[in-house]
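Spelled out, the chains give:
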Amino acid sequence: MKTDQKLNMTMLCDFYELTMANGYFESGYADRITYFDAFFRSVPDKGGFAIAAGLEQLIDYIEDLHFTEEDIEYLRSRKLFSEKFLEYLRDFRFTGDIWAIPEGTPVFPREPMVTVRARAIEAQLIETFTLLTINHQSLIATKANRIVRAAKGKAVMEFGSRRAQGSAAAIDGARAAYIAGCVGTACTISDQLYKTPALGTMAHAWVQMFDSEYEAFKTYCKLYPTNAVLLVDTYNTLKSGIPNAIRVFDEVLKPQGITKCGIRLDSGDIAYLTREARKMLDAAGWETCTITVSNSLDEYLIRDLWIQDAKIDAFGVGERLITAKSEPVFGGVYKLVAVEDDNGKVIPKIKISENVGKITTPHFKKIYRLIGRDTHKAIADYLCVYDETVDDTGTLEIFDPEATWKRKEVYDFEARELLVPIYQGGKLVYQRPSINEIKAYCKEQVDTLWDEYKRFENPQTYKVDLSQKLYDIKQELLHENGSKLE
């Protein structure tokens, strides 16, 4: 490929999507209307909820969906595809409907994050990229939100670009982390593309480059007096780094009336060093000097630092955030849930497995989030068939679909529909929010969850219930098809 040639992301698909598409075309199923759900089965890190992200990139992908002559020629060279199908691809565009849960929304297992209604070929061909972008960014946003919550209101910066699994993971991961609550990123191009503020100061190499630590600090403060955050652990944090930082702050910043400055620690006993650093800085009259820490942090280490009475104003979190190192797979799947017959009637479809966790919830569905009017907290999510509505002026009985005897009457609640239209008839109808609007929305929505769902270990399981109609349809399909497992 030429170095200046732009990748066509339409070809970022599993090869079987193309062979199935050709098969649909040759078998007369090309125009059959289908419904697919993208959902996940379990929350990473055994958490209480995940954060939806990646919709923006899915929209960009759909907007540019096409096959080039080079793509078609490549497919022809594989000698698997009919010429009529290849000709069909020449004018291929997405003409269907898409609904999705907005980015920044807390989401739960087994509820559709994206629903696609489209001709069979169109719905099948977008599977890989839909899962790729939703899986990756939701994974990073979920991890970042855990870390942000562990920081207890202190700033968290995403510092992981150099450890990310590829350039796209670094760029889009920084975006997802910002949505979930990080204040910025070390990834400059992400700021350029997505307006996620680029942040950073110096590396140990800067300090080593000069003849002395003092000279390195002084030069930096002269160059960047309004952004003076000094890395103080290159040689000896307490005997050299912090004393030299204080000396330079006194000599360079104080005469200019600048009180905003900081130090960063990247090694050693972080809790102990921050406590000692705070004493030294305060004693020298630099109570306004902030302390930032980094070095392979995650939500558990941050929580332990607070237990040890660490004195920290900001965190730089890298590899364990940008790779979601503790559980680096989101596990989202894309499954057929319904088709339309020749009369436009929606026919539910189900996938059955001996592994109960892989049995799908059939049909074209809606999701309502039930919010208490008095508490403004989420009570449960309610999945129902597309033609059902929830009347939130009265009471609603909900039940556990795994233990149907567990029933509850919900009252004084607001029913908020979660899936919103993104595409209708192939046209984008969604008003894309800004990155800062998504970030603010995410914080607001996480605040609707009770604390028991936010625990890092053994969180309470949030209720995702089925309507009686949807439950009955699922049970009917299970009984009709169950004999096929025997």
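Structure shown above.
Cut-off values and rules
Residues numbered from 1 in each chain as written. Predicted model: local features only at pLDDT ≥ 70, side-chain atom pairs only at ≥ 80, totals over all residues. Heavy atoms only, no water. Axes fitted to C-alpha atoms, helices over the stretch in contact; angles between N-to-C directions. Helix = DSSP H or I, 4+ residues; strand = E, 2+ residues; numbered from the N terminus. Parallel < 35°, antiparallel > 145°, perpendicular 65-115°, else oblique. Left-handed = near helix turned anticlockwise from the far one by under 90°. Contact = heavy atoms within 4.5 Å. Nonpolar A, V, L, I, M, F, W, Y, C, P; charged D, E, K, R; others polar. Pairing = 2+ DSSP bridges. Right-handed = clockwise from strand over helix to strand, strands pointing away. Polar contact = N/O pair within 3.5 Å; in protein donor to acceptor, adjacent residues only side chain to side chain. Core = buried A, V, L, I, M, F, W, Y, C linked by side-chain atoms within 4.5 Å. Buried < 20%, exposed > 50% of the residue type's maximum accessible area, 1.4 Å probe, protein only.

Draft legend 1. Molecular detail of the packing of helix α3 (residues 69–77) against helix α4 (residues 83–90). It is the contact of α3 with α4, at a shortest axis distance of 10 Å, that shows an interaxial angle of 165°. Here α3 is positioned roughly antiparallel relative to α4, judged by the angle of their axes. Every pair of crossing elements has a handedness; the one defined by α3 and α4 is right-handed. Together, E69, I72, L75 and R76 of α3 and E83, L86, L89 and R90 of α4 make up the contact between the two elements. Along the lines of polarity and charge, the residues of the contact of α3 with α4 split into four nonpolar, no polar and four charged.

Draft legend 2. Spatial organisation of the pairing of strand β10 (residues 290–293). For strand β9 (residues 262–265) and β10, the ladder comprises four bridges, and the chain directions are parallel. Across the sheet, residue L265 finds its bridge partner in β10, namely V293. Running through helix α12 (residues 270–283), the crossover from β9 to the neighbouring parallel element β10 is right-handed. Note: β10 against strand β11 (residues 314–317), two bridges, orientation parallel. Bridge assignment links T292 to a residue of β11, and that residue is A314. Following the chain from β10 across helix α13 (residues 299–307) to the adjacent parallel β11, one finds a crossover that is right-handed.

Draft legend 3. Here's a closer look at the sheet that holds strand β21 (residues 464–466). Read from one edge to the other, the open sheet built from four strands follows the order β18-β14-β15-β21, with strand pairing classed as mixed. With partners counted over all chains shown, the strands left at the sheet margins are β18 (413–417) and β21, one partner each. Geometrically, the sheet is characterised by an average inter-axis angle of 30° between neighbouring strands, direction not taken into account.

Draft legend 4. Molecular detail of the side chain of E103. Examined against the element boundaries, E103 turns out to sit in the loop between β3 (97–100) and β4 (106–107). There is a polar contact of 2.6 Å between the side chain of E103 and the backbone nitrogen of G54. One polar contact links the side chain of E103 to the main-chain amide nitrogen of L55, over a distance of 3.3 Å. Excluding its chain neighbours within four sequence positions, the residues that come into contact with E103 are A52, A53, G54, L55, E56, Q137, R175, I179, I438 and Y441.

Draft legend 5. Focus on the nonpolar core. Of all hydrophobic cores here, the largest spans 137 residues; its most connected members are F249, I263 and F315. Ignoring anything within four residues of it in the chain, the contact list for F249 reads C221, A228, L230, K254, C261, G262, I263, W286 and C289.

Treat this as a map of the structure, not an account of what it does.
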